[in-house]
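One-letter residues, chain by chain:
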Amino acid sequence: MTPFSLILENVRHDLRASDGKLAIMTQAALIFFLLTLSLSSASVQQYLAKNLLQMLGSDLVIEQHGTLTAEQEAKIRAAAPKVSKTELVGITLTHGPNWERVQLKQVDDAYPLQGTLMVGSSPAAEKTPAAKGPGIGEIWLGPRLATKLEASVGDQISLAGTAHTVTAILFHEPDRIMEGHSVAYRAMIKAGSAAPDAFDTSGRRQRFLIEADTEARTSLEAWTKENLPAATLIKKQGGRHPLAGFWKRTENFLGLASVILFFMAAVAMDMTNRRWLVQMRYRLSLYSSFGISSSTVLTMAGLQWFIGFMLSLGVAGIFTVAAHYFIVGELQAFFPGIEGGWSGDAVAKTVMLTFGLLLALQVPALIQLKRASILDLIRSAPEGAYTWLRLLWGLIAVSGLAAAYSDNLLLTGLMLGAIGMALVLMIFLTWATVAVGDKWGAGRAGFVPFAFFFMRQRLFAKSAQVLGLGLCALLLLFTLMLMRDLSGMMESYARHHDGNLLVSEAQSDQMADIEAWAKKTGSDFKQLRPFVSAKLIRVNELALADYMKKPSDTLSTLKRPIRLSWSEQMPTNNTLSGGTWWPSDTRDWQQISTEPEVMTDLGLSYGDTLTYQINGRSYSFTLVASHSYKPGGGSITFWFQVPTAARAQIEADTRFMGSMELPETAWSELAALWQQHPTLSLVSLRELTERLDNMLGLVIKLTSGYAAMVLLLAMFVLIASSKGFEADDQRKNGLLMSMGLKRGDCLKLSTYDWAITAIIAATGAVAGTWIAGQLMYEAQFGLAYKPDPLWIGGTIGLMVMAVCGVGVLTCMRSLTTSVRDLLAT
């Protein structure tokens, strides 16, 4: 028999055994998850690329926060035959007692440049094309906005002191793609319908839709990069969809969630590898006795594993096809016209990633076989240090998976750190509980002391069981209990420190009217901090887009203007995290401090130069410190802060951010304040809480499908746990029954065994959730996490009952055979 035919024979033999089937299913489940994620993401990216060609509304779009100079605008118009200029600003529209925050678009006579506007006479009316936008004194409302304001065609709406007539319901804009995943309420007016300075806010944007040939587009692209460093440029040919970065971050989040699945798969495979090692030791000792070299034998073992991997890949591929087309069908509601299909690059990258990860889990076993002597192979020497070697390689593989998908290194590190500490705690609890229980039970009679004695003999097995069960519970607790408690705690904390109304932006000339309104209605300011609107354009003389190419939430935020504040001393709700804060009387104004998360995500170091565009001018600052949020002084804080001396050097309007406490009677008076100042940005605590709850609801919906994978792998862990030590359990039960114990006594002993295991695992999972809450909540919000005791008790109780049920069923199955058969295993 040739070596290859021998390998195939061994593979067939292993697949007939339950351990081989379990290994194939575990690997297939992990490959299935990552492969389905990659294929679905590839379909979305292909859809976005195709959608960009159809929905951009022009050949080229240049968008800038703030306003361009007359010379810059003239350059754009001179470079292209057709240009349409639109302006977008966030304001509050009122109609009677109703009000809503909207995105107002001001369009010129050239709009739309490409494509067609679709309007109607009511939100439910048939859509009809429109050749141009609204006229002077007219306003079009989106269907959701019209319903929200209870406004109809023909109604009058006051806008910046000027009455506008609703003449149409706006259904479709050809440049809608530029709004990305925004769900803001929409309205449209003709440019010139209001005074030029009526809508002066930090979020004001100018957008130029351009129709030009290839030469003109190339020239404009080069000119924009050099002269408008803060601008965003999107082109129809070879451009990138505004949603591409958002979806990439979504893919990264889901990929990072697979770290938990990989942890669980690693536990299950480690348990099945225990029996695989026994078989391989026997085979290697047999082959060595025939004179086959150890290198050849190890090569055969590696090829045998590779064939198993390919079988897992084939099984996963079959289910991936069905799951992929199902997910694509579900995404039709968000991406109309999206199509499923195979992407060679996505499949190849995912297969290589999973191959490397699973190989890393197999390396310790191959090392153990290579270093074993013939005597060790025959008598199955104890594992010893190889247990820690397997743990080390598992952590390396998990870290590699996290590095492949993470777009927030700080939060990823905190999450992995919490999991790592939870694992260490579970191991410690297992060993400590078993050691103490065994010492307590010495000299005592009864089933509980006996259970501790047997657990002591199987300490490594118990540790593996606890880790698998604990990780399952940790994931579910983290997504359900922690998120729910964070939502409630944030609401109560914000209510106590920030009042019930957030002033997200108020201009200096609006403050007198706001203070008069507050005095009239009996409202109080809780906090008020000044800032200027600034956009980060360069880091160490590199454009932000060139400096950081990997998508992240931080980078996504910094592509828009941020609030830059100033302070002589450290604010009361901040604490120094690193570097050196400037003296209170410093004249060196070109210094800046930022939050540690920003430094981590952007890879910043102290001494780096950050250049911002503020009101059309560039200002450079040296990074000298980092500050973190600290509770006790309100939650209004800023990502970036500079010395007070910098304010005199910056030519820009001062804006304010703060919070207020409104009595119940003042809420009905807000409409009057917004009619006077439509650009005033106010957000109620109730609205903020609803947004958070919506986000948490979305997370839970995503988790529900993900939980199915978790439960599947949890089942694999339980099966592997029972199968990996099934022979030991059968011998134990056979020995006990030969000594006169009944099957019911063995069942009772097994119940105690599993109950102790479940209690340790549940305790470790709860502690791990608490650690995650402390690390992440402290790092992000500076608050202490206080979990709900009822959730803790309920979780431990449910987990103990579920695990004991599975354990008892497993024990009952092993007790169905005769005592002679049990002792013979």
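**A look at the overall build of the protein chain**
Here comes step 1: Scanning the protein chain for helices and strands turns up 23 helices and 22 strands.
Here comes step 2: Sorting the 825 residues of the protein chain into buried and exposed places 52% on the buried side.
Here comes step 3: Within the protein chain, contacts between residues separated by at least 24 positions form 82% of all contacts whose residues are at least 6 apart in sequence.
Here comes step 4: Total accessible area on the protein chain stands at roughly 36600 Å², and carbon and sulfur atoms take up 61% of it.

**Notes on the packing of aromatic side chains**
Two aromatic rings, taken as a pair, are described by how far apart their centres are and by the angle between their planes.
Here comes step 1: A complete count under the given rule lists 10 aromatic pairs for this structure.
Here comes step 2: Arranged with centres 5.9 Å apart and planes meeting at 85 degrees, the rings of Trp589 and Phe621 form a pair that is edge-to-face. Residue Trp589 is located in the loop between strand S16 (574-579) and strand S17 (591-594), and its partner Phe621 is located in strand S19 (residues 617-629); the two are separated by 32 residues in the primary sequence.
Here comes step 3: The exposure class of Phe621 is buried, given its relative accessible area of 1%.
Here comes step 4: Both rings, one in Tyr612 and one in Phe621, keep their centres 6.1 Å apart while their planes meet at 65 degrees; by these two values the pair is edge-to-face. Phe621 matches Tyr612 in its accessibility class, with the two residues each being buried.
Here comes step 5: An aromatic cluster is built from Trp305, Phe306, Phe309 and Phe355, whose rings are joined through pairwise contacts.
Here comes step 6: When the ring centre of Tyr185 is taken as reference, the NZ or CZ atom of Arg144 above it lies at 4.5 Å.
Here comes step 7: Over the ring of Phe531 we find Arg563, and its NZ or CZ is 5.5 Å from the ring centre.

**Brief notes about the confidence of the model for the protein chain**
Here comes step 1: The predicted model of the protein chain has a mean per-residue pLDDT of 76, with 73% of residues at 70 or higher.
Here comes step 2: Predicted confidence for residues 237-247 stays below pLDDT 50, and this span has 26 contacts to residues more than four positions away or in other chains.

**What about the pairing of strand S21 (residues 655-661)?**
Here comes step 1: When you tally the buried positions in S21, you get six out of seven residues, the bulk of the element.
Here comes step 2: As defined by bridge partners, strand S12 (residues 501-507) adjoins S21 across five bridges and the pair is classed as antiparallel. Its bridge partner lying in S21, Ala506 is registered against Phe656.

**Here's the deal with the nonpolar core**
Here comes step 1: Ranked by internal contacts, the top residues of the largest apolar core, which has 29 residues, are Ile419, Leu474, Met799 and Val803.
Here comes step 2: Those elements that place two or more of their residues in this core are helix H11 (409-441), helix H12 (447-457), helix H13 (459-498), helix H21 (743-781) and helix H22 (789-814).
Here comes step 3: For this core, the element with the highest residue contribution is H21, accounting for nine residues.
Here comes step 4: In contact with Val803, other than residues within four places in its own chain, are Leu469, Trp754 and Ala758.

**What to know about the packing of helix H3 (residues 70-79) against helix H5 (residues 214-227)**
Here comes step 1: At a closest axis distance of 10 Å, the pairing of H3 and H5 adopts a crossing angle of 165 degrees. Here H3 is positioned roughly antiparallel relative to H5, judged by the angle of their axes. Both H3 and H5 take part in a crossing whose hand is right-handed. Contacts between H3 and H5 pair Gln72, Lys75, Ile76 and Ala79 from the former with Ala216, Leu220, Trp223 and Asn227 from the latter.
Here comes step 2: Partitioning the contact of H3 with H5 into residue classes produces five nonpolar, two polar and one charged.

**Details of unusual backbone geometry**
Here comes step 1: The linkage connecting Tyr111 with the following residue, Pro112, adopts the cis geometry, with an omega of 0 degrees.
Here comes step 2: By the element assignment, Pro112 lies in the loop between strand S3 (98-107) and strand S4 (117-120).
Here comes step 3: The phi dihedral of Asn540 is positive, around 55 degrees, even though this residue is not glycine.
Here comes step 4: For Asn540, the location among the structural elements is in the loop between strand S13 (524-539) and strand S14 (542-543).
Here comes step 5: One non-glycine residue, Asn615, lies in positive phi territory at about 55 degrees.
Here comes step 6: Following the sequence through the fold, Asn615 ends up in the loop between strand S18 (609-614) and S19.

**A look at the pattern of salt bridges**
Side chains that differ in sign of charge can pair as their charged atoms come close.
Here comes step 1: Applying the stated rule across the entire model yields 16 salt bridges.
Here comes step 2: With a closest N to O distance of 3.2 Å, Glu73 and Lys85 form a salt bridge. Here Glu73, found in helix H3, pairs with Lys85, found in strand S2 (residues 82-95); they are 12 residues apart in sequence, far enough to count as distant. Taken as a pair, Glu73 and Lys85 share a single burial class, namely buried.

**Points about a nonpolar patch on the surface**
Here comes step 1: There is a patch of nonpolar side chains on the surface, built from Tyr282, Leu286, Phe290 and Ile292 and spanning about 430 Å² of accessible area.
Here comes step 2: The residue Phe290 is located in the loop between helix H6 (242-289) and helix H7 (294-331) in this model.
Here comes step 3: Judged by relative accessible area, Phe290 falls into the exposed class, the value being 63%.

**Description of the pairing of strand S15 (residues 562-566)**
Here comes step 1: Buried residues dominate S15, accounting for four of its five residues.
Here comes step 2: In this structure, S13 lies alongside S15, joined through three bridges in antiparallel fashion. For Ala534, the partnering residue across the bridge sits in S15 and is Ile562.
Here comes step 3: Summarising the sheet, S15 and strand S20 (residues 640-642) pair through three bridges and their orientation is parallel. When the sheet's bridge partners are listed, Leu564 is paired in S20 with Phe640.

**Considering the environment of Thr433**
Here comes step 1: Looking at where Thr433 falls in the secondary structure, it is placed in helix H11.
Here comes step 2: A C-alpha to C-alpha distance of 9.7 Å links Thr433 and Arg456, two positions 23 residues apart in sequence.

**Quick look at the side chain of Thr94**
Here comes step 1: Inspection of the secondary structure assignment puts Thr94 in strand S2.
Here comes step 2: Residue classification places Thr94 among the buried residues on the basis of a relative accessible area of 4%.
Here comes step 3: The residues touching Thr94, leaving out its near neighbours within four places in the chain, are Trp99, Ile157, Ala671, Trp674 and Gln675.

**Re the environment of Cys746**
Here comes step 1: One can find Cys746 in helix H21.
Here comes step 2: On a C-alpha basis, the gap between Cys746 and Val808 in space is 10.0 Å, while along the polypeptide they are 62 residues apart.

**What about the environment of Gly137?**
Here comes step 1: Note on placement: Gly137 falls in the loop between strand S5 (128-130) and strand S6 (138-141).
Here comes step 2: Through-space distance from the C-alpha of Gly137 to that of Ala163 is 7.0 Å; in sequence the pair is 26 residues apart.
Here comes step 3: Sequence-distant contacts of Gly137, defined by excluding residues within four places in its chain, comprise Ala163, His164, Thr165 and Ser193.

**Some thoughts on the side chain of Glu505**
Here comes step 1: For Glu505, the position within the fold is in strand S12.
Here comes step 2: Assessed through its relative accessible area of 10%, Glu505 is described here as buried.
Here comes step 3: With near-sequence residues (within four places) excluded, Glu505 lies in contact with Thr201, Ser202, Gly203, Phe531, Arg655, Phe656, Leu680 and Ser681.

Reading the values: the criteria
- Residues numbered from 1 in each chain as written.
- Predicted model: local features only at pLDDT ≥ 70, side-chain atom pairs only at ≥ 80, totals over all residues.
- Heavy atoms only, no water.
- Helix = DSSP H or I, 4+ residues; strand = E, 2+ residues; numbered from the N terminus.
- Buried < 20%, exposed > 50% of the residue type's maximum accessible area, 1.4 Å probe, protein only.
- Contact = heavy atoms within 4.5 Å.
- Areas by Shrake-Rupley, 256 points an atom, 1.4 Å probe, with all protein chains shown as cover.
- Phe/Tyr/Trp six-rings, centres within 6.5 Å; stacked < 30°, edge-to-face > 60°.
- Lys NZ or Arg CZ within 6 Å of the ring centre and 35° of its normal.
- pLDDT = per-residue confidence, 0-100.
- Pairing = 2+ DSSP bridges.
- Core = buried A, V, L, I, M, F, W, Y, C linked by side-chain atoms within 4.5 Å.
- Axes fitted to C-alpha atoms, helices over the stretch in contact; angles between N-to-C directions.
- Parallel < 35°, antiparallel > 145°, perpendicular 65-115°, else oblique.
- Left-handed = near helix turned anticlockwise from the far one by under 90°.
- Nonpolar A, V, L, I, M, F, W, Y, C, P; charged D, E, K, R; others polar.
- Salt bridge = Lys/Arg side-chain N within 4 Å of Asp/Glu carboxyl O.
- Patch = residues over 30% accessible without salt bridge, like charges linked within 9 Å, V, L, I, M, F, W, Y side chains within 5 Å.

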